[in-house]
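Here is what each chain is made of, one letter per residue.
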Amino acid sequence: MKLGVVGLPNVGKSTLFNAITQAGAEMANYPFCTIEPNVGVVAVPDERLDKLAALYNSKKVTPTYLRFVDIAGLVKGASKGEGLGNKFLSHIREVDAIVHVVRCFEDSNVTHVSNKVDPVSDIQTINLELIFADIETVNSRLNKAISMQKTGEKKYKTEAELLQRILAHLESEKPVRTMELDEEERQAVEEMFLLTSKPVIYAANISEDDIGNADNPLVKAVEAQAAKENAETLVICAKVEEELSKLDPEEKQMFLEEYGIEESGLNRLVKKCYKLLHLVSFLTAGEKETRAWTITEGTKAPQAAGKIHTDFEKGFIRAEIVPYETMLEMGGYTQAKEHGKVRSEGKDYVMKDGDVVLFRFNV
């Protein structure tokens with residue numbers, strides 16, 4: 001899965017990206033420092049893996065990963081090609097969800113593109129550019145659907161009606177993700193690849209001095225805006241996260257304790273993104289490797305098996321399942337089987353987060 005890290009110039013976007021990926025994206029105190037998107041791969045924190053690996057004496061532990069893309073800073077007028085607008089929009093169209101970094105700190109040494117710190121205004125600037133781009137897309141599709149109604153096929157009438165609703169929603173300056181849609185309409189919208197239909201996390205970037213401050217008015221403004229849009233909010237200090245990324249595990253723990261932080265912003269961000277995309281992990285374990293595999297909620301056993309190898313899906317016979325907590329309690333697969341805790345599931349079984357599974361197949 002790919003997540004696009006976006007924001008106005010100089011909000012701490014590339015600083016945060018460096019922190020979460022340690023990819024060394026270029027940073028500077030001027031707009032458009034990031035032109036081509038930098039890509040970083042980040043492991044999804046999962047404390048279950050090490051415990052499971054210990055049961056099997058696994059030689060290798062492999063977590064699941066998310067890809068973060070640092071997308072060029074955006075300015076007003078991007079939908080009309082201002083700044084790097086067209087590039088920005090093409091890059092954002094390719095991501096599964098958006099991490100929108102919003103500046104919630106004052107610093108006279110870091111210029112702001114509009115010369116004032118106003119996170120809600122910043123959010124609206126980017127949202128409007130995405131809305132304008134979507135209006136153009138929807139108008140184009142609507143014109144085509146209307147012309148195709150001459151064929152008499154009912155699907156074009158249905159499509160035109162949905163597009164007209166979407167257009168009216170966008171023209172009221174609201175993102176598509178806030179629309180009430182039934183399952184069939186939601187599926188149709190997904191196939192349109194609209195920018196404002198993508199799920200969003202607002203990363204409220206605060207200063208070091210504001211860590212632990214629950215009354216930051218700038219953060220509260222972001223949270224209120226996010227609530228209106230069915231979006232998530234994560235409070236994070238990009239500067240601290242960047243410092244943390246350079247430390248070894250022991251130093252990192254001491255650093256977190258010094259700031260009174262239970263978990264790094266990176267871990268919280270990755271977990272929240274994982275949840276936002278409706279992803280879960282099933283686990284496989286053995287002497288060679290213990291591994292987490294990413295699937296979407298609702299995935300059935302054969303398709304999950306196909307994540308490991310296409311032959312597993314083609315020749316699927318059954319899945320032998322032990323929930324992670326049960327596996328830990330029993331002390332391993334053999335013990336779980338002896339106590340009748342291994343379930344045999346067929347093709348219609350919907351995988352659960354934390355299922356430890358052994359797939360049986362025949363090709």
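First things first, this report covers the structure right here in the doc. Just so you know, these numbers come straight off a predicted model, no measurement behind them.

1. As for the overall build of the protein chain
Okay, so step 1: A count of helices and strands for the protein chain gives 14 helices and 12 strands.
Okay, so step 2: The burial tally for the protein chain puts 49% of its 363 residues in the buried class.
Okay, so step 3: A separation of at least 24 residues holds for 69% of the contacts in the protein chain among residues at least 6 apart in sequence.

2. Overview of the side chain of Asp134
Okay, so step 1: Its place among the elements puts Asp134 in helix H4 (residues 119-148).
Okay, so step 2: Despite being buried, Asp134 has no salt bridge partner; Arg93 is the closest side chain of opposite charge, sitting 4.7 Å away.
Okay, so step 3: Each residue touching Asp134, except ones within four places of it in the same chain, is listed here: Leu170, Leu194, Leu195 and Thr196.

3. Let's talk about the nonpolar core
Okay, so step 1: Of all hydrophobic cores here, the largest spans 58 residues; its most connected members are Leu66 and Phe68.
Okay, so step 2: In terms of residues, this core owes the most to one element, helix H10 (residues 265-276), which gives 6 residues.
Okay, so step 3: With 17 residues, the next largest nonpolar core counts Ala145, Leu163, Leu170 and Met192 among its residues.

4. A few points about the packing of aromatic side chains
Okay, so step 1: Taken as a whole and assessed by the stated rule, the structure comprises 4 aromatic pairs.
Okay, so step 2: Note on Phe282 and Trp293: the rings are 6.3 Å apart at their centroids and 10 degrees apart in plane angle, and the pair reads as stacked. Of this pair, Phe282 sits in strand E8 (residues 279-284) while Trp293 sits in strand E9 (residues 289-296), placing them 11 residues apart in sequence.
Okay, so step 3: Note on Phe282: relative accessible area 0%, which makes it buried.
Okay, so step 4: Here the aromatic cluster, defined as three or more aromatic residues joined through ring pairs, consists of Phe282, Trp293, Phe316 and Phe359.
Okay, so step 5: Positioned above the aromatic ring of Trp293 is the side chain of Arg291, whose terminal nitrogen or guanidinium carbon lies 4.0 Å from the ring centre.

5. Some points on helix H2 (residues 48-56)
Okay, so step 1: What H2 keeps buried is the set Arg48, Leu49, Leu52 and Ala53. The arc that holds the buried residues of H2, viewed along the axis, is 125 degrees, so those residues lie on one side. Facing away from the buried side of H2, by more than 90 degrees, are the exposed residues Asp50 and Ala54.
Okay, so step 2: Among the structural elements, strand E3 (60-62), E8, E9, helix H13 (324-330) and strand E12 (355-361) are those in contact with the buried residues of H2.
Okay, so step 3: Within two residues after H2, Asn57 carries a phi angle of roughly 50 degrees, on the positive side.

6. Some points on the sheet that holds strand E7 (residues 232-236)
Okay, so step 1: Judged by pairing direction, the sheet is mixed, and its 6 strands sit side by side in the order E2-E4-E1-E5-E6-E7 without closing on themselves. Every other strand in the sheet has two partners, leaving strand E2 (38-43) and E7 as the edge strands with one partner each. The sheet shows a mean angle of 25 degrees between the axes of neighbouring strands, taken without regard to direction.
Okay, so step 2: Sheet topology note: the strand E1 (residues 2-6)/strand E5 (residues 97-103) ladder contains 4 bridges and is parallel. Directly across from Leu3, in E5, lies its bridge partner Ala97.
Okay, so step 3: Here helix H7 (residues 217-228) sits on the sheet and contacts E5, strand E6 (200-205) and E7; the angle it forms with E7, its principal contact strand, is near 160 degrees.
Okay, so step 4: Here H10 sits on the sheet and contacts E1, E2, strand E4 (65-70), E5, E6 and E7; the angle it forms with E7, its principal contact strand, is near 170 degrees.

7. Topic: empty space enclosed by the protein
Okay, so step 1: Inspection of every chain in the model, using the stated rule, returns 2 cavities of 30 Å³ or more.
Okay, so step 2: Taken as a whole, the largest cavity spans an internal volume of roughly 60 Å³.
Okay, so step 3: For the lining of the largest cavity, the secondary structure elements donating two or more residues are helix H1 (13-21) and helix H8 (238-245).
Okay, so step 4: Ranked by residue count, the leading element in the lining of the largest cavity is H8, at 3 residues.
Okay, so step 5: Within the lining of the largest cavity, the residues separate by chemical class into 4 nonpolar, 3 polar and 2 charged.
Okay, so step 6: By volume, the second largest cavity amounts to about 50 Å³.
Okay, so step 7: Forming the boundary of the second largest cavity are Val6, Ile92, Ile98, His100, Ile126, Asn127, Leu130, Arg177, Val200 and Tyr202.
Okay, so step 8: Within the residue set of the lining of the second largest cavity, elements represented by two or more residues are E5, H4 and E6.

Parameters and conventions
- Throughout this description, residue numbers start from 1 for each chain and increase along the sequence as written.
- Owing to the predicted nature of the model, reporting of local features is limited to residues with pLDDT of at least 70; listing and counting of side-chain atom pairs is limited to 80 or more, with chain, interface and lining totals taken over all residues.
- Here the side-chain values reflect all heavy atoms present in the structure, with hydrogen atoms and water set aside.
- The numbering of helices and of strands both runs from the N terminus, where a helix is a DSSP run of H or I of at least 4 residues and a strand a run of E of at least 2.
- Relative accessible area decides the class of each residue, using a 1.4 Å probe on protein chains only: under 20% of the type maximum gives buried, over 50% gives exposed, and in between gives partly exposed.
- Any two residues whose heavy atoms approach within 4.5 Å are treated as being in contact.
- The charge count includes Lys and Arg as positive and Asp and Glu as negative, but it does not include His or the ends of the chains.
- Note on definitions: salt bridges are taken to be side-chain nitrogens of Lys or Arg within 4 Å of carboxyl oxygens of Asp or Glu.
- We call a set of buried residues a nonpolar core when its members are Ala, Val, Leu, Ile, Met, Phe, Trp, Tyr or Cys and they connect through side-chain atoms within 4.5 Å of each other.
- Centre distance within 6.5 Å is the pairing criterion for rings of Phe, Tyr and Trp, where only the six-membered ring of Trp is used; planes under 30 degrees apart are then read as stacked, over 60 as edge-to-face, and the remainder as tilted.
- When the NZ atom of lysine or the CZ atom of arginine is within 6 Å of a ring's centre and also within 35 degrees of its normal, the charge is said to sit over that ring.
- Read the arc as the range of directions from the helix axis to the C-beta atoms.
- Between any two strands, pairing holds if DSSP finds at least two bridges.
- Axes here refer to lines fitted to C-alpha atoms; in helices the fit is confined to the stretch in contact. Angles between the N-to-C directions go from 0 to 180 degrees.
- For cavity detection a 1 Å grid was placed over the protein atoms alone, and a set of points counts as a cavity when a 1.4 Å probe fits there but cannot get out; an open set counts as a pocket when protein lies on both sides within 12 Å along at least five of seven lines, with lining residues being those that have an atom within 4 Å of a point.
- Grid points are joined across faces, edges and corners, and a volume is the space filled by probe spheres set on the points.
- Put simply, Ala, Val, Leu, Ile, Met, Phe, Trp, Tyr, Cys and Pro go in the nonpolar bin, Asp, Glu, Lys and Arg in the charged bin, and everything else, Gly too, in the polar bin.

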